[in-house]
Amino acid sequence: MPSQEARPTIHIPGTTSHTIAPRAGSGGREGTLRYLKAGTGAPLVLLHTVRTQAEHFRSLIPLISDRYTVYALDLPGMGYSEIVPGASYDEPAMRAGVERLLTELDLHDVTLVGESMGAVLALTAAADLPQRVRRVVAVNTYDFHGGIARSSLLARVVVSGVLAPGVGPVIAGVEPKPALRKILQGGLGDKAALHEDYVDELLQVGSRPGYPTVARAVYQALPSLIAARSRYPEVKAPIHLVYGEKDWSRPSDRRANKELLPAADFTQVRGAGHFIALERPDVLADLVNALT
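Quantities reported herein were computed from a predicted structural model and do not represent experimental measurements. (Residues numbered from 1 in each chain as written. Predicted model: local features only at pLDDT ≥ 70, side-chain atom pairs only at ≥ 80, totals over all residues. Heavy atoms only, no water.)

### Some words on the packing of aromatic side chains
Given two aromatic rings, one states the distance between the centres and the angle between the planes to describe the pair.
Here's step 1: This structure, assessed with the given rule, holds five aromatic pairs.
Here's step 2: Here the aromatic rings of Tyr142 and Trp248 are separated by 6.5 Å at their centres, their planes lie at 70 degrees, and the arrangement is edge-to-face. Of this pair, Tyr142 sits in the loop between strand 6 (133-139) and helix 4 (153-163) while Trp248 sits in the loop between strand 7 (239-244) and helix 10 (251-260), and the two are 106 residues apart along the sequence.
Here's step 3: Residue class for Trp248 comes out buried when judged on its relative accessible area of 7%.
Here's step 4: Residues Trp248 and Phe275 carry aromatic rings whose centres are separated by 5.7 Å and whose planes lie at 85 degrees to one another, so their mutual orientation is edge-to-face. In this pair, Trp248 is assigned in the loop between strand 7 and helix 10 and Phe275 in the loop between strand 8 (265-269) and helix 11 (276-279), connecting sequence segments 27 residues apart. Of the two residues examined, Trp248 and Phe275, each falls in the buried class.
Here's step 5: Ring-pair connections join several aromatic residues into one group, and the members of that group are Tyr142, Phe144, Trp248 and Phe275. (Phe/Tyr/Trp six-rings, centres within 6.5 Å; stacked < 30°, edge-to-face > 60°. Helix = DSSP H or I, 4+ residues; strand = E, 2+ residues; numbered from the N terminus. Buried < 20%, exposed > 50% of the residue type's maximum accessible area, 1.4 Å probe, protein only.)

### Details of the packing of helix 4 against helix 8 (residues 211-220)
Here's step 1: Look at helix 4 against helix 8: their axes get within 9 Å of each other, and the N-to-C directions meet at 105 degrees. As judged from the angle between their axes, helix 4 and helix 8 are roughly perpendicular. Here Val159, Val162 and Leu163 of helix 4 lie close against helix 8, whose contacting residues are Arg216, Tyr219 and Gln220.
Here's step 2: A breakdown of the residues in the contact of helix 4 with helix 8 according to their chemical character gives four nonpolar, one polar and one charged. (Axes fitted to C-alpha atoms, helices over the stretch in contact; angles between N-to-C directions. Parallel < 35°, antiparallel > 145°, perpendicular 65-115°, else oblique. Contact = heavy atoms within 4.5 Å. Nonpolar A, V, L, I, M, F, W, Y, C, P; charged D, E, K, R; others polar.)

### Observations concerning helix 6 (residues 177-185)
Here's step 1: Within the sequence span of helix 6, burial applies to Ala179, Leu180, Ile183 and Leu184. Projected down its long axis, helix 6 shows its buried positions confined to an angular sector of 125 degrees, all on one face. For helix 6, the exposed residues set more than 90 degrees away from the buried face come down to Pro178 and Lys182.
Here's step 2: Those residues of helix 6 hidden inside the fold are in contact with helix 4 and helix 7 (196-206). (Arc of directions from axis to C-beta.)

### Considerations on the sheet that holds strand 5 (residues 110-115)
Here's step 1: Reading across the sheet, the eight strands line up as 1-2-4-3-5-6-7-8 and stay open at both edges, with mixed pairing between neighbours. Strands with a single pairing partner mark the edges of an open sheet, and in this sheet they are strand 1 (16-20) and strand 8. Taking each pair of neighbouring strands and ignoring which way they run, the sheet shows an average axis angle of 20 degrees.
Here's step 2: As paired elements, strand 6 and strand 7 share four bridges and run parallel to each other. The residue of strand 7 that forms the bridge with Ala138 is Leu241.
Here's step 3: Against the sheet, helix 10 makes contact with strand 7 and strand 8, and its axis sits at roughly 175 degrees relative to strand 7, the strand it touches most. (Pairing = 2+ DSSP bridges.)

### Describing the pairing of strand 8
Here's step 1: With five bridges connecting them, strand 7 and strand 8 associate as parallel partners. When the sheet's bridge partners are listed, Val242 is paired in strand 8 with Thr267.

### A word on the nonpolar core
Here's step 1: Counting residues in hydrophobic clusters, the biggest one holds 74 residues, and the most contacted among them are Val45, Leu112, Met117 and Val136.
Here's step 2: The element contributing the most residues to this core is helix 3 (residues 117-128), with nine residues. (Core = buried A, V, L, I, M, F, W, Y, C linked by side-chain atoms within 4.5 Å.)

### Overview of the packing of helix 6 against helix 7
Here's step 1: In contact at an axis separation of 10 Å, helix 6 and helix 7 are set at 115 degrees when each is read in the N-to-C sense. The two elements helix 6 and helix 7 cross, and the hand of that crossing is right-handed. Here Lys177, Leu180, Arg181 and Leu184 of helix 6 come into contact with helix 7, specifically with Glu196, Val199, Asp200, Leu202 and Leu203.
Here's step 2: Residues that form the contact of helix 6 with helix 7 fall into these classes: five nonpolar, no polar and four charged. (Left-handed = near helix turned anticlockwise from the far one by under 90°.)

### Re the side chain of Thr15
Here's step 1: Here Thr15 lies in the segment before strand 1.
Here's step 2: In this structure the side chain of Thr15 is engaged in a polar contact, spanning 2.6 Å, whose partner is the backbone oxygen of Ile12.
Here's step 3: In contact with Thr15, other than residues within four places in its own chain, are Leu36, Lys37, Ala38 and Ile61. (Polar contact = N/O pair within 3.5 Å; in protein donor to acceptor, adjacent residues only side chain to side chain.)

### Here we look at the pattern of salt bridges
Here's step 1: Per the stated rule, a full pass over the model turns up 17 salt bridges.
Here's step 2: Ionic pairing is found between Asp143 and Arg229, a salt bridge with its closest N-O pair at 3.9 Å. Highlighted residues: Asp143 in the loop between strand 6 and helix 4 and Arg229 in the loop between helix 9 (222-227) and strand 7, separated in sequence by 86 residues.
Here's step 3: For Arg229, a relative accessible area of 21% corresponds to the partly exposed category.
Here's step 4: Measuring nitrogen to oxygen at the nearest pair gives 2.8 Å for the salt bridge that ties Glu196 to Arg181. Residue Glu196 is found in helix 7, and its partner Arg181 is found in helix 6; the two are separated by 15 residues along the sequence.
Here's step 5: Here Glu196 falls in the partly exposed class, since its relative accessible area comes to 35%. (Salt bridge = Lys/Arg side-chain N within 4 Å of Asp/Glu carboxyl O.)

Shape descriptors only; they carry no functional weight alone.
Written as structure tokens, this is what we have:
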């Protein structure tokens, strides 16, 4: 687990922090998972985006915790979940972390709400565990070529550098605050929705030993997220697709998922970008609260 010094700098009122230990017999392939818990009611699991963590939902959790018991997971190796040397961070490995949360806590009748990468994992976990998942809200699914590199020239340069052979690990370990801020703002319609204390929190997590390896592996795993689209039609639970009007996905990407999931509900959030949980948590709260 992270050292005693590596603790979140952001506290979400009403939440408590918990961990899930690796399963017996995992042979060191699994790490301890950290999650936040709040509220009362039916279980709702929040799954965060690329390069973020459970605190990504800091503004959403208080808006839904009077109707749901909310679990916000730090995906494997991210946030304050354990970094396991040599671990995989492709879609199946990250999905296994989501499924550990559901099975180890024995959650049933679950609403899965994921944003970006978390949206893909919500859909594939629902395909695997139909007996546990009641519905899926998939926000800005990160399942198209280019991903974050579509947000700006700076993002394209940085992501290309991180993925480059040889120098990639070095570049992944260098993350100036102005660059991180600029890249994240590229996922927002309202740039003011990115708060400085959240950027500082992400930088603290990014300084954890081994985290640059995780970050590079996540970018390298994009093809596995695209491939996971083939699992979407297996989902038995009702699905609600949510897209920001200014999301990185193109209209053709959104149409492709609507055609793949013709029974899914569809909402487009006017003016919003990729990180709807940051800039329009009220929209997501209204949507999921209406489902109770």
